[in-house]
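Residues per chain are reported as follows:
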Amino acid sequence: MEPLRSYLAGRWQRPDAAGTPLHDAATGQEVARISTSGLDPAAALAYGRESVGPALRELTFHQRAALLKTLASHLREHRHELYSLSARTGATKGDSKFDIDGGIGVLFSYSSKGRREMPDDTVYVDGATEPLSKQGTFLGQHIATPLRGVAVQINAFNFPVWGPLEKLAPAFVAGMPTLIKPAPQTAYLTHRLVELIVESGILPEGSVQLLCGDPGDLLDHLTEQDTLSFTGSAATARRLRAHDNVVRRGVRFNAEADSLNCSILGPDATPDSPEFELFVRELVTEMTVKAGQKCTAVRRAFVPAELADEVTEAVRRRLADIKVGDPSSGEVDMGALADPEQREEVRRSLKALLESCRLVHGDPNTPFELVDADYEQGAFVPPMLLRCDDPELPQPHEVEAFGPVSTIMPYRDAEHAVELARRGHGSLVGSVVSADPDFVRTVVTGAASQHGRMLVLNRHDSAESTGHGSPLPQLAHGGPGRAGGGEEMAGLRGVLHHMQRTAVQADPDTLTSLTRQWMPGSARETTAVHPFRKHLERLRVGDSVVGGPRTVTREDVRRFAEFTGDEFYAHTDEEAAAANPFFGGLVAHGYLVVSFAAGLFVAPESGPVLANYGLENLRFLTPTYPGDEITVTLTAKRITPRHNADYGEVRWDADVTNQDGESVAKYDVLTLVAKENPSE
Ligand code: NDP
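These figures come from a predicted structure and were not determined experimentally.

1. Considering the pairing of strand β7 (residues 151–154)
With burial as the criterion, each face of β7 is covered, one bearing Ala 151 and Gln 153 and the other bearing Val 152 and Ile 154. Where β7 meets strand β8 (residues 178–181), 4 bridges bridge the pair, whose relative direction is parallel. For Ile 154, the partnering residue across the bridge sits in β8 and is Lys 181.

As structure tokens, this is what we get:
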């Protein structure tokens, strides 16, 4: 069998050695061979930096995000092919969906976030403008620009599709090319994934490179503009973090390592409560999905001492129904471990755990009943449930058996549960299964600093809960300490991980031109044509209209109160309003001011402004008293065309002032504005 090719520097390259065989997890048959002999990782990095990065950075965030969506749809069309190959890694259909559909889902999610939460530009404006001077001539603004390197990812064997895609998506939206180094055991599936990506021609050439096999001296060639994202064992994470070149060049390093995640059943549970059932169900799911080879799986199950026996019995009963065997058989609930080495690793870890625990279900050392599979050929183990009645013993908090293995331990009270949860010394995720808000608060606040994510599961959210073990692109995936100390995804934060944040200090006009976002104090243009009469292409950042002045009368305030029903005393009761320490007399409703402002700035004729879809950052700064005169200045702040739509979004800065020039209200008005040429 030929070794897997790597895709480097714009072409598929075959190693010049026969390579190490990779085996089907269930049958032991050879699936592929792997080697990097004769390949040049340094050249691949240089190619990414010099030939791919510049082309990617020319695209806007929206253009990159749109490509990601096209790619996601393409991969979805080919997912069945990936499922069949995935079965050879030991994954059942359900496991494969978790990996493959999950990975494709991350692409869709980042595509949507890139288009909705980022500008159609190459510079990201990060946070609010910071006023740095009294006269407003000197401002500060954080911006983020893509790193000019390659996002190198070193992946674990357990998620050969989700792993590469969840790292690729934020890097690509940021504008960085990716180099994937898959774990050998399941590299043939990642290889097919990358073939599909390359063959599709959807992403710019070289956006994704693949190095199948030993990375050789790859890390020696990383620079401060590259990123290194690792998923795998804590031991390898330690080694990579301390790699001489990584340390010397200050390479941005992110690690997601195995951790001893916990799930805690609340004391409010009783054997017939929904939470008891949810806890048992979730624990069995976590033990058996991907045969427990999930970095987020529940390894430690804490239960109130008085319920320990009943929970153990209920879990055992469920596990007895789990059918293990050929992952491609529809009957099977749990497939095989990745390879015989992992089975040995699980046996070794189990032995260490048995120093303080007893096995209450499953034994990896004796052959057991399998569906359509041979115990001698595949890396099969049964689900194994342990019980440790002295949770103060160290092993269950330190030893991870990376397979279908969990330990049930009793706790005394909420504080004890927190203390035990924290003994994992840093976890990716912890769950609390309880409908008692006080218990949940104690546990979440007590254990959160040792966790990257916490799930509260109970009768109220179970129908829609995404579960303990599913990292989501919107949320942080990573944890402190033993979990690697890193963070992946978390929405836009994952994109920013591939960018440099720079604080720029400058005058308002310079900042406007740099960010293409109107900054307070920079030039405004009031033209003869009302900005609401301009189509998207004609509108410019800084285009303004001034409306007013208009006097706000006592009668206006009375009528507004009566019309809307907002008869709050500050607008209607002279005596009570006079006693109010902020107002000292009757004031106009803030919403009246905003409504009058809309009346002052609007161009009423039918035109390119299609809709007002919201206000943001509204602040009432100075009260408006009857008799005050208000004026509004509306300025186009950011213009964001939508691709494949005949309109775009325009954010306007609204500043309502009174006769003394004081701002009484400031906010952003959000509108949809039609394009003159919808095809653009
Ligand atoms: P490893 O940490 O050994 O390997 C993970 C990845 O790192 C692989 O791609 C591996 O490739 C690569 N790697 C290892 N050493 C180096 C190095 N010096 N330089 C560059 N790359 C390197 O984990 P395994 O996949 O072998 O699994 C071992 C254990 O890790 C499991 O039993 C489990 O406990 C844990 N694990 C944790 C996961 C998580 O999600 N956090 C996922 C999977 C496993 P290569 O082998 O080619 O060197």
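2. Some thoughts on the sheet that holds strand β26 (residues 663–674)
With antiparallel pairing, 5 strands are arranged side by side in an open sheet as β22-β24-β25-β26-β23. Only two strands of the sheet have a single neighbouring strand rather than two, namely β22 (544–551) and β23 (609–620). With direction set aside, neighbouring strand axes in the sheet form an average angle of 20°. Relative to β26, β23 runs antiparallel, the two being bridged by 8 bridges. If you follow Phe 620 over to β26, its bridge partner there is Ala 665. Packing of helix α20 (residues 590–601) onto the sheet brings it into contact with β22, β23, β24 (629–641), β25 (647–657) and β26, and relative to β24 it is tilted by some 70°.

3. Some points on the packing of aromatic side chains
Summed over all chains, the structure comprises 10 aromatic pairs. Look at Tyr 411 and Phe 439: their rings are 6.2 Å apart centre to centre, the planes differ by 20°, and that puts the pair in the stacked class. With Tyr 411 in strand β16 (residues 405–411) and Phe 439 in helix α14 (residues 437–447), the pair connects residues that are 28 residues apart, well separated along the chain. Residue Tyr 411 shares its accessibility class with Phe 439, and that shared class is buried. For the pair Phe 568 and Tyr 569, a centre-to-centre distance of 4.7 Å together with 50° between the ring planes defines the contact as tilted. Residue class for Phe 568 comes out partly exposed when judged on its relative accessible area of 46%. Of the residues examined, Tyr 569 reaches a relative accessible area of 34% and is grouped as partly exposed. Taken together, the ring pairs in this structure connect Phe 98, Phe 159 and Trp 162 into an aromatic cluster. Over the aromatic face of Phe 159 sits the side chain of Lys 290, whose NZ or CZ is 5.1 Å from the ring centroid. Over the ring of Tyr 375 we find Arg 343, and its NZ or CZ is 5.0 Å from the ring centre.

4. Here's the deal with the UniProt feature "domain: MaoC-like" (unreviewed entry) in the protein
Residues annotated in UniProt with the feature "domain: MaoC-like" (unreviewed entry) correspond here to residues 548–651. Along residues 548–651, the helical share is 32% and the strand share 33%, with 21 Å between the first and last C-alpha atoms.

5. With respect to α20
Helix length check: α20 (12 residues) gives 17 Å between terminal C-alpha atoms against 16 Å at 1.5 Å per residue, within 8%. Taken together, the buried positions of α20 are occupied by Gly 590, Leu 592, Val 593, Val 594, Phe 596, Ala 597 and Phe 601. If you follow the buried residues of α20, they end up packed against β22, α17 (554–564), β23, β24, β25 and β26.

6. A look at the domain arrangement of the protein
Entries for the protein in the domain assignment read domain 1 (42–219 + 493–500), domain 2 (262–467) and domain 3 (524–674). Computed from C-alpha coordinates alone, the two centres of domain 2 and domain 3 are separated by 56 Å.

7. Thoughts on unusual backbone geometry
Residue Pro 549 is bonded to the preceding Gly 548 through a cis peptide linkage, with omega at 0°. Relative to the elements of secondary structure, Pro 549 occurs in strand β22. Non-glycine residue Asp 372 carries a positive phi angle of around 50°. With respect to the helices and strands, the residue Asp 372 is situated in the loop between β14 (358–361) and β15 (384–387). Non-glycine residue Arg 516 carries a positive phi angle of around 55°.

8. Concerning the layout of surface pockets
Size it by volume and the largest pocket reaches roughly 1,200 Å³. Lining of the largest pocket is provided by 33 residues; of these, Gln 517, Asn 617, Lys 637, Arg 651 and Asp 668 occupy positions nearest its centre. Elements supplying a minimum of two residues to the lining of the largest pocket: α4 (93–117), β5 (124–131), β23, β24, β25 and β26. The residues that make up the lining of the largest pocket include at least three from each of domain 1 (42–219 + 493–500) and domain 3 (524–674). Counting residues per element, the lining of the second largest pocket draws most heavily on helix α7 (residues 234–241), at 6 residues. Its residues placed into classes, the lining of the second largest pocket shows 14 nonpolar, 10 polar and 11 charged. Here the lining of the second largest pocket spans two domains, and each of domain 1 (42–219 + 493–500) and domain 2 (262–467) adds at least three residues to it.

9. Remarks on the state of the cysteines
What the rule picks out here adds up to 0 disulfides. For Cys 295, which is in no disulfide, the shortest distance to another cysteine sulfur is to Cys 262 and amounts to 15 Å.

10. As for the packing of helix α3 (residues 79–87) against α4
Contact geometry of α3 with α4 gives a least axis separation of 9 Å together with a crossing angle of 135°. In terms of orientation, α3 and α4 fall into the oblique class. Note that α3 runs across α4; the crossing there is right-handed. Residues Arg 79, Leu 82, Tyr 83, Ser 86 and Ala 87 of α3 touch α4, and the partners they reach there are Lys 93, Ser 96, Lys 97, Ile 100, Asp 101 and Ile 104. Class assignment for the residues of the contact of α3 with α4 results in 5 nonpolar, 2 polar and 4 charged.

11. Points about the site of the ligand
Around the ligand, the surrounding shell holds 25 residues, and the nearest of these are Asn 155, Phe 157, Ser 233, Thr 236 and Cys 295. The contact in question runs from an oxygen atom of the ligand to an N or O atom on the side chain of Lys 181, over 3.1 Å. Gln 342 places a polar side-chain atom, nitrogen or oxygen, 3.2 Å from an oxygen atom of the ligand. The protein chains hide 80% of the 860 Å² of surface that the ligand would expose on its own. A molecule is said to occupy a pocket when more than half its atoms come within 2 Å of that pocket's grid points, and by this definition the ligand occupies the second largest pocket. Elements represented by at least two residues in the shell around the ligand include exactly β10 (227–232), α7, β11 (252–257) and α11 (340–353).

12. Quick word on the side chain of His 530
Checked against the element boundaries, His 530 lands in the loop between α16 (508–515) and β22. Assessed through its relative accessible area of 17%, His 530 is described here as buried. Of the polar contacts made by the side chain of His 530, one reaches the backbone nitrogen of Phe 532; its length is 2.9 Å. For His 530, the contacting residues outside a window of four places in its chain are Val 545, Phe 601, Val 602 and Ala 603.

Analysis parameters
- Residues numbered from 1 in each chain as written.
- Predicted model: local features only at pLDDT ≥ 70, side-chain atom pairs only at ≥ 80, totals over all residues.
- Heavy atoms only, no water.
- Buried < 20%, exposed > 50% of the residue type's maximum accessible area, 1.4 Å probe, protein only.
- Helix = DSSP H or I, 4+ residues; strand = E, 2+ residues; numbered from the N terminus.
- Pairing = 2+ DSSP bridges.
- Axes fitted to C-alpha atoms, helices over the stretch in contact; angles between N-to-C directions.
- Contact = heavy atoms within 4.5 Å.
- Phe/Tyr/Trp six-rings, centres within 6.5 Å; stacked < 30°, edge-to-face > 60°.
- Lys NZ or Arg CZ within 6 Å of the ring centre and 35° of its normal.
- UniProt positions renumbered as here; feature names shortened; annotations may be inferred.
- Expected span 1.5 Å × (residues − 1).
- Domains from an automatic or database assignment.
- 1 Å grid on protein atoms, 1.4 Å probe; cavity = no way out; pocket = protein on both sides within 12 Å on 5 of 7 lines; lining within 4 Å.
- Points joined across faces, edges and corners; volume = space filled by probe spheres on them.
- Nonpolar A, V, L, I, M, F, W, Y, C, P; charged D, E, K, R; others polar.
- Disulfide = S-S within 2.5 Å.
- Parallel < 35°, antiparallel > 145°, perpendicular 65-115°, else oblique.
- Left-handed = near helix turned anticlockwise from the far one by under 90°.
- Near = heavy atom within 4 Å.
- Polar contact = N/O pair within 3.5 Å; in protein donor to acceptor, adjacent residues only side chain to side chain.
- Areas by Shrake-Rupley, 256 points an atom, 1.4 Å probe, with all protein chains shown as cover.
- Sits in = over half its atoms within 2 Å of the grid points.

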